[in-house]
Structure formats: C-alpha cells, structure tokens
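Results of the structural survey
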Amino acid sequence: MSDFTKMFERMLEQSHAMAKAFNPALESFQVHGFDKLMPTMPRNFMDMMWGNAFNKEGLDAKTRLLVVLAGLTVLGAQAEPQFKLTVRHALEAGASQQEIAEVIYQMAMLGGIPAMTHALRLAQEVFKDLEEDSA
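The notes below deal with the structure included here. (Residues numbered from 1 in each chain as written. Predicted model: local features only at pLDDT ≥ 70, side-chain atom pairs only at ≥ 80, totals over all residues. Heavy atoms only, no water.)

When you go through the chain residue by residue, the secondary structure sums to eight helices and zero strands. Going residue by residue from the N terminus, the α and β elements of the chain occur as α-α-α-α-α-α-α-α. For the chain, the residues scored as buried account for 33% of the 135 residues in total. The contacts in the chain between residues at least 6 apart in sequence include a share of 65% that link residues at least 24 apart. Of the roughly 8,300 Å² of accessible surface on the chain, a fraction of 58% belongs to carbon and sulfur atoms. (Helix = DSSP H or I, 4+ residues; strand = E, 2+ residues; numbered from the N terminus. Buried < 20%, exposed > 50% of the residue type's maximum accessible area, 1.4 Å probe, protein only. Contact = heavy atoms within 4.5 Å. Areas by Shrake-Rupley, 256 points an atom, 1.4 Å probe, with all protein chains shown as cover.)

So this is what it looks like as structure tokens:
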C-alpha cells in the first residue's frame, strides 16, 4: 500500500468520524435532504479537510470546490443535491457567484450547452435560496 493510499484512507476515516461526531445521523445519511441537514461547512473545516489534510501545499478549499463544480457540470449536473451542496460550500470557501458562473460557463465547451444551462439553473436556485434565507 502506497503512502498516498494510506494517507487517503486515514483522511476518509477521519472525515467519517468527524461527520458522525457533528451529527450521528450522518453515519447512515441519505443524499436526499442532506443540504437541509448540514447546509454548509465552515470555511476553516473545509480548508482543514480539503487543503491541510490532503495536500498542504496544494489547492485551497475554494479552488478544489470550483474544480468539483466543473466536473459535476461536465457530467450534466445530474446529481442535483450534491451539485447544490458544492455551490454552497464554494460560496462558504470564498468563491463569488461570478466565479461559480464562470466555471460553469467554461464547462460548456466540454459538457455541452444543456449541461451548462442545467448547472446554471441549479446554481441560481442556491443563490436565490441563500438570499431568501438572509432576508
């Protein structure tokens, strides 16, 4: 087993234990409604999980989440709850609505216009929900 594999397994074990500590329901959570269970993670937690624990000198949490949005967009944003949750996390990690839209627009070349349009609609739903929540 490589050092990378061991590190990745430790990270997964640690994240599972943390999620369970935050909310025991996460041990056997279902994807449906996950955004209501934990609407977003604090920025420092995301930095710790996706930056410091995985590769300290690598990408920051904001960039990692924008990369995830790009991948989900190219796949057609078919995993709607996960896509919306990633938009929320990206915003919490410091991404702007414009940056999120730019990533989605850029993916039209790889995933096609329908995938881009669907992803933009989902992102706009998140933006609207957050505006309503803060009003």
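Together, Val74, Met109 and Leu110 give the surface a local cluster of nonpolar side chains, amounting to about 330 Å² of exposed area. With respect to the element layout, Leu110 can be found in helix H7 (residues 108–111). (Patch = residues over 30% accessible without salt bridge, like charges linked within 9 Å, V, L, I, M, F, W, Y side chains within 5 Å. Salt bridge = Lys/Arg side-chain N within 4 Å of Asp/Glu carboxyl O.)

Right, let's get into the packing of helix H5 (residues 80–92) against helix H6 (residues 97–106). Look at H5 against H6: their axes get within 10 Å of each other, and the N-to-C directions meet at 135°. For the element pair H5 / H6, the angle class is oblique. Our pair here, H5 against H6, has a crossing hand that is right-handed. In this structure, H5 contributes Phe83, Val87, Ala90 and Leu91 to the contact, and H6 contributes Gln97, Ile100 and Ile104. Split into classes, the residues belonging to the contact of H5 with H6 amount to six nonpolar, one polar and no charged. (Axes fitted to C-alpha atoms, helices over the stretch in contact; angles between N-to-C directions. Parallel < 35°, antiparallel > 145°, perpendicular 65-115°, else oblique. Left-handed = near helix turned anticlockwise from the far one by under 90°. Nonpolar A, V, L, I, M, F, W, Y, C, P; charged D, E, K, R; others polar.)

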